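# Architecture and fold: a report
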Amino acid sequence: ARRAPRTTARRVAARAESTPKFDIDVSEISATLADKWDKTEDKSTVALYAGGAVIALWVSSSIVGSINSLPLVPKLMELIGLGYSGWFVYRYMLYKDSREELGEEIESLKAKISGEE
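Residues numbered from 1 in each chain as written. Predicted model: local features only at pLDDT ≥ 70, side-chain atom pairs only at ≥ 80, totals over all residues. Heavy atoms only, no water.

The number of helices and strands found in the chain is 4 helices and 0 strands. The order of helices and strands in the chain, counted from the N terminus, is α-α-α-α. For the chain, with 117 residues in total, the buried portion stands at 3%. Of the roughly 11,500 Å² of accessible surface on the chain, a fraction of 61% belongs to carbon and sulfur atoms. (Helix = DSSP H or I, 4+ residues; strand = E, 2+ residues; numbered from the N terminus. Buried < 20%, exposed > 50% of the residue type's maximum accessible area, 1.4 Å probe, protein only. Areas by Shrake-Rupley, 256 points an atom, 1.4 Å probe, with all protein chains shown as cover.)

Structure follows, in structure tokens:
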């Protein structure tokens, strides 16, 4: 008579050795922001732009909320977003040269925003 092979149950536990650390120094960020604010010559214009940005964000949020309550419009917006996402992947992510082109455009935009260009 043949015996069935013995099976043994093993308990396996996986534990992380350490948690990932993010080196964010809040004092350095606040010092940098304070330095940039001190170097700003026209503080009232910056405050006006910041206030305008907050108001624009609030208005756009209200508009999107209103549009979202209309029937069929949210599904249409989802379809448009899906189509745009598909186009973006096809245009910029599918091939290596188009990914490099996107990287160059992003670097150019970052240079324009930071004032290096």
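What follows deals with the packing of aromatic side chains. Summed over all chains, the structure comprises 4 aromatic pairs. Taken together, a centroid distance of 6.5 Å and an interplanar angle of 35° make the contact between Tyr84 and Phe88 tilted. Of this pair, Tyr84 and Phe88 both sit in helix α3 (residues 73-93), 4 residues apart, roughly one helical turn. Look at Phe88 and you get partly exposed, because its relative accessible area is 26%. (Phe/Tyr/Trp six-rings, centres within 6.5 Å; stacked < 30°, edge-to-face > 60°.)

The grouping of Ile55, Trp58, Val59, Ile63, Ile67, Leu76, Met77, Leu79 and Ile80 at the surface amounts to a nonpolar patch, some 890 Å² of accessible area in total. Listing elements by their share of the nonpolar patch, those giving two or more residues are α2 (43-68) and α3. Ranked by residues supplied to the nonpolar patch, first place goes to α2 with 5 residues. Within the secondary structure, Ile67 sits in helix α2. For Ile67, a relative accessible area of 31% gives the class partly exposed. (Patch = residues over 30% accessible without salt bridge, like charges linked within 9 Å, V, L, I, M, F, W, Y side chains within 5 Å. Salt bridge = Lys/Arg side-chain N within 4 Å of Asp/Glu carboxyl O.)

Pairs can form between side chains of opposite charge once their charged atoms are near each other. Using the criterion set out here, one finds 4 salt bridges in the structure. For Asp35, the salt bridge goes to Lys39, with nearest N and O atoms at 3.5 Å. You can see Asp35 and its partner Lys39 sitting in helix α1 (residues 26-39), 4 residues apart, about one turn around the helix. Residue classification places Asp35 among the partly exposed residues on the basis of a relative accessible area of 37%.

On the surface, Asp97, Glu100, Glu104 and Glu105 cluster together into a patch of negative charge. Relative to the helices and strands, Glu104 is located in helix α4 (residues 96-114). Glu104 sits in the exposed class, given a relative accessible area of 56%. (Lys, Arg positive; Asp, Glu negative; His and termini not counted. Charge placed at Lys NZ, Arg CZ, Asp CG, Glu CD.)

For Ser98, the position within the fold is in helix α4. Engagement of the side chain of Ser98 in a polar contact is seen with the backbone oxygen of Arg91, the distance being 3.4 Å. (Polar contact = N/O pair within 3.5 Å; in protein donor to acceptor, adjacent residues only side chain to side chain.)

This part is about unusual backbone geometry. Phi at Leu72 takes a positive value of approximately 70°, unusual for a residue other than glycine. Inspection of the secondary structure puts Leu72 in the loop between α2 and α3.

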